[in-house]
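# What the coordinates show
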Amino acid sequence: MTSDSAQQSSLSTVSESDSVISVVSESDSVISVVSESDSVISVVSESNPVVDCDSQVRLKREGEQLQLILPPETDMPSSAGWSELWQQLKQRLNGGERFWQANTPVHLMAQDQLLDAMKLQEIADALSEIQLQLQRVYTTRRQTAVAAATAGYSVEQQPPTYSLQTQPSEPTEFLTEPLYLQLTVRSGVEIRHPGTIVILGDLNPGGAVIAAGDIFIWGRLRGVAHAGANGNRACRIMALQMEPTQLRIADAVARAPGTLPEQFYPEVAYVTSEGIRIARATDFAKTHLLLNS
């Protein structure tokens, strides 16, 4: 693609299927009831000083997947470490009646737990022993997101959440720093991040990168890239070699041309009034970046 041939394109409140029901009583104590489809049946009051459901590992069915939910690190006793969490996780997976089919994909809700490659592998191995497959990791920790993506799992980094006690009085826009990954995004893997994503490697066909900010692929972009996923049409997508299956910036969508160019150059995709346009990075810098400096 060249500037002369620039491309244009017009281009969990709990549901009924959930098994957890929360009831707030007049005394503000919360009672959680887990149905028979879950691995554990428990009735716990927040006022109970001994047992707190929010600090426990939980396993819940969500559609065709299972959710393995780790307790927030901030809700765990200060004396509790990985060994305590690991023992609890093993007991949850191996105890009680199994209510899942073999090879059911598992989404790990890691929350703010700091998980490195070794811990993720231990969790994946424990799931594999009971014929479950770790597929996707949700986390608010950058280190956990990097470790999970590097291990080949789909990842969604989420902004931090606040409890009722710490929620700010005024709405706050969380500015998330870029996520840097040195890897090749393989087919079937999806990376989501509430900021800019920088990948030193390729985005293969069948892979997807979704960012609220910009996307920079320091390699070949051959999958799906969606920048400005929260609606920011000023975001851009840049790649050393642009061969996308699909480009999306905010609500604008563009597909690659049927024939590939004979030569590749670093290119930038951006939104115009006519849709997504792709230009050489050098030309884009002259016409957009220098004019705005």
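So, how was this worked out
- Residues numbered from 1 in each chain as written.
- Predicted model: local features only at pLDDT ≥ 70, side-chain atom pairs only at ≥ 80, totals over all residues.
- Heavy atoms only, no water.
- Helix = DSSP H or I, 4+ residues; strand = E, 2+ residues; numbered from the N terminus.
- Buried < 20%, exposed > 50% of the residue type's maximum accessible area, 1.4 Å probe, protein only.
- Areas by Shrake-Rupley, 256 points an atom, 1.4 Å probe, with all protein chains shown as cover.
- pLDDT = per-residue confidence, 0-100.
- Contact = heavy atoms within 4.5 Å.
- Core = buried A, V, L, I, M, F, W, Y, C linked by side-chain atoms within 4.5 Å.
- Expected span 1.5 Å × (residues − 1).
- Arc of directions from axis to C-beta.
- Polar contact = N/O pair within 3.5 Å; in protein donor to acceptor, adjacent residues only side chain to side chain.
- Salt bridge = Lys/Arg side-chain N within 4 Å of Asp/Glu carboxyl O.

This part covers the overall build of the protein chain. Within the protein chain, the regular secondary structure consists of four helices and 19 strands. Across the 293 residues in the protein chain, those meeting the buried criterion constitute 43%. Taken as a whole, the protein chain presents about 16200 Å² of accessible surface, with 49% of it coming from carbon and sulfur.

Here the protein chain shows a mean pLDDT of 78. Residues at 70 or above account for 73%. Within the model, the stretch residues 162-172 combines pLDDT values under 50 with three contacts to residues more than four positions away or in other chains.

Counting residues in each nonpolar core, the largest one holds 59 residues, and the members touching the most others are Leu68, Leu108, Ile191, Leu221 and Ile237. Broken down by element, the residue count for this core peaks at five residues, all from helix H2 (residues 117-129). Counting residues in each nonpolar core, the second largest holds five residues, with Val268, Tyr270, Ala281 and Phe284 among its members.

Bringing H2 into the picture now. Given a rise of 1.5 Å per residue, 13 residues ought to cover 18 Å, and the 18 Å separating the end C-alpha atoms of H2 matches this to within 8%. For H2, every residue scored as buried is listed here: Leu120, Ile123, Ala124, Ala126 and Leu127. In an axial view of H2, the angular spread of the buried residues amounts to 160°, which keeps them on one side of the axis. Away from the buried face of H2 by more than 90 degrees, exposed residues Met118 and Glu129 are located. Close packing links the buried residues of H2 with strand E5 (65-69), helix H1 (82-94), strand E6 (104-111), strand E7 (132-139) and helix H3 (142-150). Where H2 begins, one side-chain oxygen reaches toward the backbone nitrogen of Met118, 3.2 Å away; that side chain belongs to Asp116. At the C-terminal side of H2, Gln131 shows a positive phi close to 65°.

This part covers the pattern of salt bridges. Under the counting rule described, the total for this entry stands at seven salt bridges. Across the pair Arg141 and Glu73 runs a salt bridge whose closest N-O atoms are separated by 3.7 Å. Here Arg141, found in the loop between E7 and H3, pairs with Glu73, found in the loop between E5 and H1; they are 68 residues apart in sequence, far enough to count as distant. The residue Arg220 makes a salt bridge to Asp202 at a minimum N-O spacing of 3.6 Å. In this pair, Arg220 sits in strand E13 (residues 215-221) while Asp202 sits in the loop between strand E11 (197-199) and strand E12 (208-211), placing the two residues 18 residues apart along the sequence.

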